[in-house]
Amino acid sequence: MASWLGGLGSGLGQSLGQVGDSLSSLTGQISSFTKDILLEGAEEVGDAATELHVSNSRLREIESINAAQKFENDRLKKVCSDLEEKHEAAELQIKQLSIEYRNQLQQKEVEISHLKARQNALQEQLQKVQTAAQTAQLGAGVLPAATASASYVPEVRHSSGFEGDDMDFGDIIWSQQEINRLSNEVSRLESEVDHWKQIAVSSKVQGTNDAEQSEICKLQNVVKELKQNLSQEIDEHQHELSVLQDAHRQKLVEISRRHREELREYEERIEELENRLQQDGVSTDAVDDPKLTEQKKKAQSPDGGQVEELQVVKDLEDEIRKLNHKLSSAKAENKNLLKEQEFANLEKIQIAQDYEKLKSDFNALQRSVAEQDALLKEQKQLQSKPSVPQDVASLQQALLEAENEIARLSSLNQGLEKELMSAQHKHENILSSNTEDQNSEINQLRQDLERKEHELNESVAERETLIAELEELDKQNQEATQHVITLKDQMSKQHTETDSIIKQLKLDIDCERKKVSELETEKMKTIKELDSQKEKLSHCSYALNDLHITKQQLQDNIKDLQEQLRKAQECNSHSKKEIGDLQQRLKEREEELHVSLSKLTEKSNEESNTCQDLILKEREAEIAKLQNEVSENKQINEDLQKSLSNLRTENGKLIAAIEELKQELSDAISEKKKVHLEKDTLVEALKMEKRQLESELNEAESRLLEQARNYKQTIEELSSARSMDTTALQLEHERLVKLQQEKDFKLAELKKTIEQMEIDHQETKEMLTTSLGGQKQLTDLIKEKEVFIEKYKNQALQAKQELEEYMKVSKKQDVLKQNLEEKDRSLAVMKEENNHLKEEIERLKDQQSRSTPVVEPKTLDIIIELESEVTQLKVIKNNLEEEIKVHKKTIEDQNQATVKLQQSLQEQRKEIDESKLQCQQMNVTHERLFLEKDEEIKNLQKTIEQIKTQLHKERQIIQTDASDLFQETKVQTLNGENGNEKHDLSKAEIERLVKGIKEREMEIKLLNEKNVSLSQQIDQLSKDEVGKLTRIIQEKDLEIQALNARVSSASYRQDVLSLQQQLQAYVLEREQVLAVLSEKTRENSQLKTEYRNIMDMVAAKEAALVRLQEENRRLSNISENSSQDMSRETIQNLSRIIREKDIEIDALSQKCQTLLTVLQTSSTGAENGAGGVNSNQFEELLQERDKLKQQVKKMEEWKQQVITTVQNMQHESAHLQEELHRLQAQISVESDSTSRLQVDYNGLIQSYEQNEKKLKSFSQELAQVQHSIGQLYNTKDLLLSKLDLVTPSVATAATVSQLSGVQCSPPEALSEECKLLQNELEQLKKKLQEKDSTIRILQENNQRLSDSVATASEIERKSQEGAESEMRQIKEKHDVLQKSLREKDILIKSKSDQLLSVSENLSNKENENELLKQAVTNLKERTLILEMDIRKLKEENEKIVARCREKETEFRALQETNMQFSMMLKEKEFESHSMKEKALAFEKLLKDKEQGKTGELNQLLNEVKSMQEKAVTFQQERDQVMVALKQKQMESSALQSEVQHLHEKEQRLNQELERLRNHLLEMEDSYTREALAAEDREVKLRKKVLILEEKLASSSTAVENASHQASLQVESLQEQLNLVSKQRDESMLQLTISQDQVKQYALSLANLQMVLEQFQQEEKAMYSAELERHQKQSAEWKKKAENLEEKVVSLQVSLEEANAALDAASRLTEQLDIKEEQIEELKKEGEIRREMLEDVQNKLMNLMNSTEGKVDKLLMRNLFIGHFHTPKNKRLEVLRLMGSILGLKKEELDQLLSEEQRGVTRWVTGWLGGGAGSKSVPSTPLRPTHQNIFNSSFSELFVKFLETESCPSLPPPKLSVHHMKPLGAAGAGKTSSTPPNSQIQDSPVSGMGRRPDANPFLAPRSAAVPLITPASSSGHLLMKPISDALPTFTPLPVSPDASAGAVLKDLLKQ
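Note that this is a predicted model, so its numbers are computed, not measured.

Trainee: What is the right way to look at the overall build of the chain in this model?
Mentor: The helix and strand inventory of the chain stands at 31 helices and zero strands. Per-residue burial over the chain gives 44% buried out of 1950 residues. Summarising the internal contacts of the chain: among those between residues at least 6 apart in sequence, 91% fall at separations of at least 24. Total accessible area on the chain stands at roughly 103000 Å², and carbon and sulfur atoms take up 56% of it.

Okay, here's the thing in structure tokens:
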């Protein structure tokens, strides 16, 4: 302003200076001018007349202009007054509307308060009834909670009204409404008190009726509770029955499975022993030449011992018969055991019948209860009025009667319980009788075992004698005896199988005993759980009733809102009609405008310039009026639309709030369910662990028994062997026995270790997946949260920086505005000066035209000077225009900058909205997933029950079918178990992944919501500032354009003069109008900014509600679809990971096999200390395998985490894209709506207050719901304390106090969301505490279980002290239990540490939340400061406006003085002219006098004088009139402006007075009401304090009881620990004793090895003679081998290798039968010895052919593959090796190799399609997805592995014929001696079904040639999915240069 005023001053100074210069020049010129006039003389007469005409015309023009200006001025004044009237009317309308809305709001709030009061009264009644029922049922245990809940409900709503100190007008109104509501409530309560007093007086008279009603209520409650108890007891009994049945089924399934497994093991052991016999027979071929010659001599000696051989054969047959008889007896015993099991089942069925009888009794009771219900209902119908339990006496009577009823019902209940107990005792007696029977049977079985062992020892001794006799026979006799020995071994194995079956049955009996004890304990637990569930049910019913009442209230609210909506719609329709009418008027006005414009154009051509100006002005005035009317109509239309939209948004908000309440209710219920389900799952998991421990103990006991028996057998056999003759036969026998025992032990150990590893693997899998998965998810979540928090902090800082930048930009814009205003004013000043100068130029021109031509040069100089001044002014004008353009450019740049800033703000908003949406999604998904998890747990339980039923069915099938069907059923059941286990694993893993995702999303949402509030405030500030600037800039642009148009239009000189004069008048008036308008616009803009702030707040809340609704719906759909997709994807990923894991496990198992073979070979060659080395190496290998497994598990977990993260990112990206599109649409809509929001400021304040109140009411209802949840938690704690479970009751009390605190705390406008978040965090903390307590309880239960197991083991030890084997079993059990206990203790500790860390993280997050809250409050304070600044700026603005007016008055005064000066100048000029004329006249007179012509001249002079005087008078009059006119105009305009200003001031002052009066009245009312409310609050708070003190006392007593119980439990546990430690010491002593025994056995075995080695050397000489005979038969075997190889190739193509192997096995069995028949014929034909021997020889030859063919098949396959992997140069060596193995001579081989294309290679290449295929990988059948995974490296390595197995350490490759044959035989033996496939396949996880699928290239002999026909051999291994225990192989790292041939050579060189 100062700069603008300075500009005005400088402009005036310049103009006055120019005037002074012109005056000085004029005075100089006057003297010359008078001379010129005197010279002119008589020529001036004609000029005077013309001058009069000109002056008259000028006068007329000036008068017309004056009239036009007057008319224009009047018109503008009218417009101003109209506008002001309209503005005032609009303000009055808005005030009236706001008053109406406030009245309506007050009415609604009063109605709501009435409804709430009614609701509270009903709730109190309900609670009183409930407490009466509870006291009758439970005593006074639950009363404090109920009373607390009743007291908390009504108090909540009072505290919210009196928080803020700095109250706005809206806050004051709201507080007044709150006070009115409270006063209404007080009056209502007083009236109710009077009402109840009257009822009390009347009820004394009517005491009997009340008593009856109260009795009815109590009886109803009792009946309901009894019904619930009955239903619960029935369910529990059914559950117990099902549990018993399932346990029985499981036992039967386990027995059958073990039987099958042992059968299979014994079959495989038979195969291994056959292979070993062959190996032992063939491996002794490295003997010197002298021994060979001795053997030849012995062979040549006469056949004298044939008679002895026949006798031996007969003896063997007798032994075989005896063994068969023993087998049959063992089978009979097995059948007897099965019958006993059936008897046990029958007894269980009887128990079930007893239970059904009990059930019928219960049903009868139920019927009686139903009859009582019917009677009660009839009584209810008779009594229409509701019972009011006010009368104390009647209530007491009713209570006594109800207690009697309860006593009667409890006696009935006790009778039922006694019946149940008797049934249980019966069941226990039956079980005890069963156990006694089983003990007697076990003793009998032991006696049988001892007998059989004795018989076995005798048979072993006989076998040794036979072996001694057979050794003396020839080569042929030796072969026959070997065959007989193999048959005998088979029979002995069958015998061992029967023994193992008996052992299994014993173990099963022990298991059943233990399970019976477990069932008893479970029964007790279930009875306790029943009581707890009854109480829970009753509490749940109360909570449900509360929820129903709240639902009805919400429905009433919805109806009210719908009525309001209808009213709003009607208003909207009316407004639409009005808008239509206004639009029609607008069209008519526009048509009139067009007509008037056309008329104007026609008249402009006809009329003069003056008329055109007048018409134009009139038309412009009409147009302005029409435009104003149009704008008013538009504003009205916009106001109506805004009111409609506001009503709609309010409706939407209310609906959203209702939906939120519903969701919160459902969430509360789901959380409650989830807690119960979690407890159930924990109990089930502990039970499962207990069962696993028991199974492990049983297995350990069986292992110890088997080892003891094996050691006994070896000692007995060794003693018998030593008693025999010390010959070569004795040595051989001892060696064989020793080898056999060693290998049996190793096999048994390996099997057991493999089974243990698999069991451990499964356990570790489960443990690690649960514990590690949980840990990693928690740690990841914490990290992600920290990252999010950092991000949001950075965003908050950025937002602050942007705010500061926006502030700076706004300051710059203000500076630019001021500059623009200064320029505008300077422009106006320059224009005025320009006009003055132009007028002076015109005047001078007129004077020139009057003056004579003599005077022209002087006037020209003046004109030139003036023109130079004009040019200077033009230059100045151009400069100013350029400056204006520069300013425009800067304004445009600023606009662009503001646009960019708006875009960045929008982007930030989008990000914040997205994060908010994610938060909301996570809330919803977190709640839903609890429910989904519960459902999935139920599904898993169902699947477990289905598996049990399937197993039961399979057991029945096993009982009915023959022994041959065992294998088929096992395949099916085990496959089913595998499938189910996989399914369960995948589900569990999916649940974990989903949980992790949800927890992350929850925390993201929380942070996003906080960020949104900050960003919204920033957006509001920036929007308001930018909007103001843009409007001001547009106004300035319009003004500049108008000025440019006027400057350009001034073309003609005459027009210029008139227009400039008009401009001066217009400028003055325009400035006045603009001053008024600027005041109005400023006021409007201030109102708009305030309105927008409030609108933004409201819109933000509405948008948040709407988004929550939409996202809840959308997420419900997405979660259903995504959960299915997720489950599919996760299942696929898991299957892929399982395959990879299986491959790695198989590779490790292959390594183990190779290492075992190496160890075995080294053990035979090693000396005394070999046993220790083998065991150490084996332990090291196992450790390595464990490490590798752990690494594999880690990798799998990492993979799963990566997969989950990828899926999360995909889902989040999809959500973000959708939200982006949606937000863009919203932004476009908001940009349109912001242009309309102006008028409904007060109405929106009211709606905002209303919404706040509704939100507060909803929060109160939420608090009530939370309080009911707190009550449920209290009841739960009481139940837990009853069940002797120590739970932290203090935590529940704390939850109640926290909830009440939450209720009492007043919710502010913006911090409600934060408080909700805090509540959620507190709830989560409570859940964590509860879970901790359950974990502790489970730990105690686990310790109790372990103690019970220990006591059971002690009892068994006392009963079976004599047997060392049972002692060992108990030791192992004890160790395993201790290990498991330690592991579990460690796990529990780790879990507790994790929970502590999680709680710490939560506390950190809470601190961060508090920091964010502080930031929010700081921002609020900033907004308040900004509002204060705005108010200050308003005041300054008003002061500046006042100063402007003062300056304008000064400016007008200066203009008037200027005009007076110009008039004075004109007068002086006129006087100078008259003086000159007089001088000339005097000169003429003098001349005439001199000449004498005086008469005529005098007359002329007189005339001239008179004329001049007239002219002077005329001019003076004209000048005076002009000056007077201008003064009048200036005075009138100044007076009008002052009058208007005073009027406005008066109106404002009156309004403020009225407002202050109202405010004072309201404040007085509010203070009085506050005082009353404070007194009420004090009373209520005191009541609350008393209730809380009572609660504290009760909780402290509960804590003391719990601590006492805990101390007792600790003492008992310590005693149990002492017992356990004693047992451990005893078991350690026994272990040391057993280890000493093991060492002794190892020494004896080492001695036996020495003897066996000597025997082997002798035997090698014997077998060297046999090689010559075998060489002759090699040609025939070669042909057979070729045929077999062709068959192998065909099988590879057709994928039917297993079937061929089965056919070969069937052929073997047929041949064995034929040979048995032949042996019988030999007995009959005893006399003809030679013929019989020949037949035996032929049959043995056939047998050897068949068996040798099998062995050679594998070897030839390996060599055949090796041939194709060797380079072409060295393939001849491989073929020679093959030939030497097949028995070809060197000559024949050379011939074949010389032909190259014809012999062996031709058919080799022919099979594989030419020579090109020879280098390729062997044609193993591959799966299409499995193509060439391992490449050539795997095949080469596999060939190397086969070669190492098939080739022992030999001399160089060029071997003699004698050495070639044993190589093949030994190879065959060693392939078979590797641990059989059963080690991998016979685990409890895998089934028989895997066996036929094994690839002959990828498996040892036992897999390739199975001896048993499998059940289902459909399809090849590679065409099926990879199973858990399938033997697959990983590629081993080998250099690609090393070919298979080179590998062969290296091996042979070794």
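Trainee: Please explain the side chain of K506 as it appears in this structure.
Mentor: Relative to the assigned elements, K506 resides in helix α9 (residues 475–606). By relative accessible area, K506 is classed as buried at 12%. Setting aside chain neighbours within four positions, we find K506 in contact with I442, L445, R446, L449 and R709.

Trainee: I tried to follow a negative patch on the surface on my own but got confused; where do I start?
Mentor: On the surface, a cluster of negative charge is contributed by E1710, D1713, E1716, E1717, E1720, E1721, E1725, E1731, E1734 and D1735. Of all the secondary structure elements, the ones that give two or more residues to the negative patch are α22 (1697–1724) and α23 (1729–1765). The greatest single-element share of the negative patch, amounting to six residues, is contributed by α22. Looking at where E1721 falls in the secondary structure, it is placed in helix α22. The class for E1721 is partly exposed, based on a relative accessible area of 45%.

Trainee: Would you mind going over the confidence of the model for the chain with me for this structure?
Mentor: In regions of low pLDDT, the predicted coordinates are not meant to be interpreted in detail. For the chain, per-residue confidence averages 78 on the pLDDT scale, and 79% of positions sit at 70 or higher. Confidence scores differ between elements of the chain, with helix α29 (residues 1878–1881) showing the lowest mean pLDDT of 38 and helix α20 (residues 1495–1672) the highest of 89. Note that residues 961–974 has pLDDT below 50 and, in this model, 29 contacts with residues that lie over four places away or in other chains.

Trainee: Which parts of the structure should I look at to understand the environment of E178?
Mentor: Mapped onto the elements of the fold, E178 is located in helix α4 (residues 169–205). Each C-alpha atom of the pair E178 and S1566 lies 8.8 Å from the other, and the pair is 1388 residues apart in sequence.

Trainee: What is the right way to look at the pattern of salt bridges in this model?
Mentor: Side chains bearing opposite charge may pair, as long as their charged atoms lie close to each other. With the rule as written, the count across this model stands at 49 salt bridges. Between R619 and E622 there is a salt bridge whose closest N-O contact spans 3.3 Å. Here R619 and its partner E622 are both found in helix α10 (residues 609–723), three residues apart, which amounts to about one turn of the helix. The shortest N-O distance in the salt bridge between K823 and E883 comes to 2.8 Å. With K823 in helix α11 (residues 728–850) and E883 in helix α12 (residues 856–960), this residue pair connects regions lying 60 residues apart in the sequence. According to the relative accessible area criterion, K823 is partly exposed, its value standing at 26%. Salt bridges here are not isolated pairs; linked through shared partners, they connect E178, R181 and E185.

Trainee: It is not clear to me how the packing of aromatic side chains should be interpreted in this structure. Could you clarify?
Mentor: For the structure on display, the rule yields four aromatic pairs. On the basis of an interplanar angle of 80° and a centroid distance of 4.9 Å, the ring pair of F1760 and F1764 is categorised as edge-to-face. Of this pair, F1760 and F1764 are both found in helix α23, four residues apart, which corresponds to roughly one turn of the helix. In this structure F1760 comes out as buried when scored by relative accessible area, which is 16%. Owing to a relative accessible area of 7%, F1764 belongs among the buried residues under this scheme. Cluster of aromatic residues (ring-pair linked, three or more members): Y711, F745 and Y1641.

Reading guide: rules and limits
Residue indices follow the written sequence of each chain, beginning from 1 at its first position. A pLDDT threshold of at least 70 governs which residues receive local features in this predicted model, and a stricter bar of 80 or more applies before side-chain atom pairs are shown or counted, although totals over entire chains, interfaces and linings include all residues. Side-chain numbers here rest on the full set of heavy atoms in the structure, without hydrogens or water. Think of it this way: any DSSP run of H or I at least four residues long counts as a helix, any run of E at least two long counts as a strand, and we number them from the N terminus. Here's how the labels work: a residue is buried when its accessible area is under 20% of the maximum for its type, exposed when over 50%, partly exposed in between, all with a 1.4 Å probe on protein chains only. Contacts are residue-level and defined by heavy atoms, with any inter-residue pair within 4.5 Å sufficient. In this description, accessible areas are obtained by the Shrake-Rupley approach with a 1.4 Å probe, and a residue is regarded as covered only by the protein chains that are shown. Patches draw on residues past 30% relative accessible area with no salt bridge. Two like charges within 9 Å are joined, as are two nonpolar side chains (Val, Leu, Ile, Met, Phe, Trp, Tyr) within 5 Å. Here, a salt bridge means any side-chain nitrogen of Lys or Arg that lies within 4 Å of a carboxyl oxygen of Asp or Glu. For the purpose of charge, His is not counted, nor are the chain termini; Lys and Arg are scored as positive and Asp and Glu as negative. Every charge is mapped onto a representative atom, which is NZ of Lys, CZ of Arg, CG of Asp or CD of Glu. pLDDT expresses how confident the predictor is about each individual residue, on a scale running from 0 to 100. Only Phe, Tyr and Trp rings are paired, with Trp represented by its six-membered ring, and only when their centres lie within 6.5 Å; those with planes under 30 degrees apart are stacked, over 60 edge-to-face, the remainder tilted.

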